[in-house]
Amino acid sequence: MKYSIRKSVTPGHTPVQELSFSDSDSISSLSLKRSSYSWPICLLPPVYSLITLIIMITIQSYNSPAQNPLGAQATLKMLQENLAHPPIEDILNFGFKQRYCPKYYQLAILGHWHGVNSGCICEDGQIKSRTYCLTHFDKNCKSVKYNPGWVFSKWKGKKYCIKYSKTWNWGECSANQVKCSTNICIPKNESCPISDLIQVENENYNTVTFGENIYMKLNNGTNPLLNFHLTPGNETSPCLDIRYAPQFESKKYYPLSIQPEKGCDSYGSVNQYAQSLDSDYQLNVYEENQYAYFNNIAFFYNFIDSIDTYSLQVIKRVQINSNCSMMDSHNLRNIRIEGESIHSFTYYLSQYSIVVSIFMLITALFFYLLRNKQWTYLDFKSFKFIEYQILFGLIIAALSIALGIVYFTQADGKQGLDGQNDIFEQYQNKNCFQDQGFQLAINQVIQFSRESFSDTEPYVKFAFYQGLGFIFMIAFLLILQFLEVRAFFIKPWDQ
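Below or above, wherever it landed, is the structure these notes cover. (Residues numbered from 1 in each chain as written. Predicted model: local features only at pLDDT ≥ 70, side-chain atom pairs only at ≥ 80, totals over all residues. Heavy atoms only, no water.)

What to know about helix H2 (residues 70–84)
We count it as follows: Note on conventions: DSSP H or I runs of at least 4 residues are helices, E runs of at least 2 residues are strands, and numbering of each starts at the N terminus. One fewer than the residue count of a helix, multiplied by 1.5 Å, yields its expected span. Here's how the labels work: a residue is buried when its accessible area is under 20% of the maximum for its type, exposed when over 50%, partly exposed in between, all with a 1.4 Å probe on protein chains only.
Over its 15 residues, H2 runs 21 Å from end to end, which matches the ideal 21 Å to within 8%, given 1.5 Å per residue. Of all the 15 residues making up H2, eleven are buried; the element is thus mostly covered by neighbouring parts of the structure. Those residues of H2 not exposed but buried are Gly 71, Ala 72, Gln 73, Ala 74, Thr 75, Leu 76, Met 78, Leu 79, Gln 80, Asn 82 and Leu 83.

Below, the structure written as structure tokens:
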């Protein structure tokens, strides 16, 4: 079917030619101008996404959690918690006829069982994937639910009441304070905290009993007592790296334990700050501290040996050299958490950029291949392809810019993290710690920070400026296209 437009020829007028077109042509195409910028606008987002993908993969390889010294971070966390813990002012045996501890006292926590992770475990100790226990009817393998653990409060049928110093600080004492032990200051109307427990033969008003052992409480030593700890084995002490625990005598441990008794790693233990008070068999300790719960943990009894023991220990404050007045547990905690957060943020931000870039490239290719397809309920011809690509390009650019901002404000490539490395280097220069484990942890944190940020510095800068450049270029091209054809978004293949 054809339409025609005619005009009569009159004297003195030029004849008008007939204009005809079929109804299958788009009338609007008559007025649509060809844009010189449609293809550059279409190709810029995927090209930018591909380059960003390569950069982020490189950044992630340098800053992966696998390279992060987790043992060093855990050791510094143990140090921070030790320095922040209040000192023990007094310890009392909890009488059988007593219902509550005396005023200002509280029930003592003697130790922790840190629980188990969820998973699938077999009778021989082999760990399977979680889906294995759900898809295989294997009686030798069972699922285990997560359990956060609990605290131990009984020791050989007894409980203890403990009183912590209310007001205390380390360092220089004020006029209304008195100095106790090593650089601990307390109010003059309070007693100095306990610094030593000396074993004696007979009980008196100033003694406390653990099992059959009697100890006299003294407060004239160097470092105050902080807390109790139940340690596996009879000749060991807690690990500096709190992810692990010392080995039992049988060297057995439950494979899904949150804190497995594998033994301490290269950071060592708190041996010089731990005092063993008494010991008892592992089964006895469990029996009087919610022992029945282990019936619900698959194959837990397979990893308990009758020869294994727990040692009840008391932990002292870590010794710090007197010239380290800048040492503060609150600052150490903030620095440690800040370092962990920035490393994690950098890693996951680059990971999100990788995921978004891959998703954008795959879906853009998919929509381009189906650009001319049209079905009853799905019309790809009307899909806003250009807007889609630009949107994802802007998201990727925002992630790159955010990564750059974090890097430029928190890190100095060759020096690592601003603030963190400076303070840790002060600890090193002043030889604040006598323990090689703490020195090793600080060295590893500084070295990792320097290496990871130094390696990623050029890539982060490139990604940052590339993100800004993409935003500028796409905005510039869209403005030029609008000035040319009075439209922002045009599909090149529709012209």
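Past the structure itself, the notes keep going.
Focus: the pattern of salt bridges
Threshold: The term salt bridge refers to a side-chain nitrogen of Lys or Arg lying within 4 Å of a carboxyl oxygen of Asp or Glu.
A full pass over the atoms with the stated rule returns seven salt bridges. Across the salt bridge formed by Asp 90 and Lys 217, the nearest N and O atoms sit 2.8 Å from each other. On the criterion of sequence distance, the pair formed by Asp 90 in strand S3 (residues 88–94) and Lys 217 in strand S16 (residues 213–218) is long-range, its members being 127 residues apart. Note on accessibility: Asp 90 and Lys 217 belong to one class, buried. Of the charged contacts in the structure, one is a salt bridge between Arg 243 and Asp 265, with a shortest N-O distance of 3.9 Å. One end of the pair, Arg 243, is in the loop between strand S17 (225–232) and strand S18 (274–281); the other, Asp 265, is in the loop between S17 and S18, with 22 residues separating them in the sequence. Its relative accessible area of 31% is what places Arg 243 among the partly exposed residues. It is possible to trace a salt-bridge network through shared partners that takes in Asp 241, Arg 243 and Asp 265.

Comments concerning the nonpolar core
Put simply, the rule reads: Only buried residues count toward a nonpolar core, which is a set of Ala, Val, Leu, Ile, Met, Phe, Trp, Tyr and Cys residues joined through side-chain atoms within 4.5 Å. Contacts were defined at the residue level, with two residues in contact if any of their heavy atoms lie within 4.5 Å.
Core analysis: the biggest nonpolar cluster contains 37 residues, and Trp 113, Leu 197, Phe 210, Phe 228 and Tyr 254 have the highest contact counts within it. For this core, the secondary-structure elements that each account for two or more residues are S3, strand S9 (150–152), strand S10 (159–164), strand S15 (207–210), S17, helix H4 (282–287) and strand S19 (309–316). In this structure, Tyr 254 is in contact with Val 116, Ile 121, Val 144, Glu 261, Ile 297, Ala 298, Phe 299, Phe 300 and Phe 303, ignoring residues within four places of it in sequence. Counting 33 residues, the second-largest nonpolar core is a separate cluster that includes Ile 342, Val 356, Leu 370 and Phe 385.

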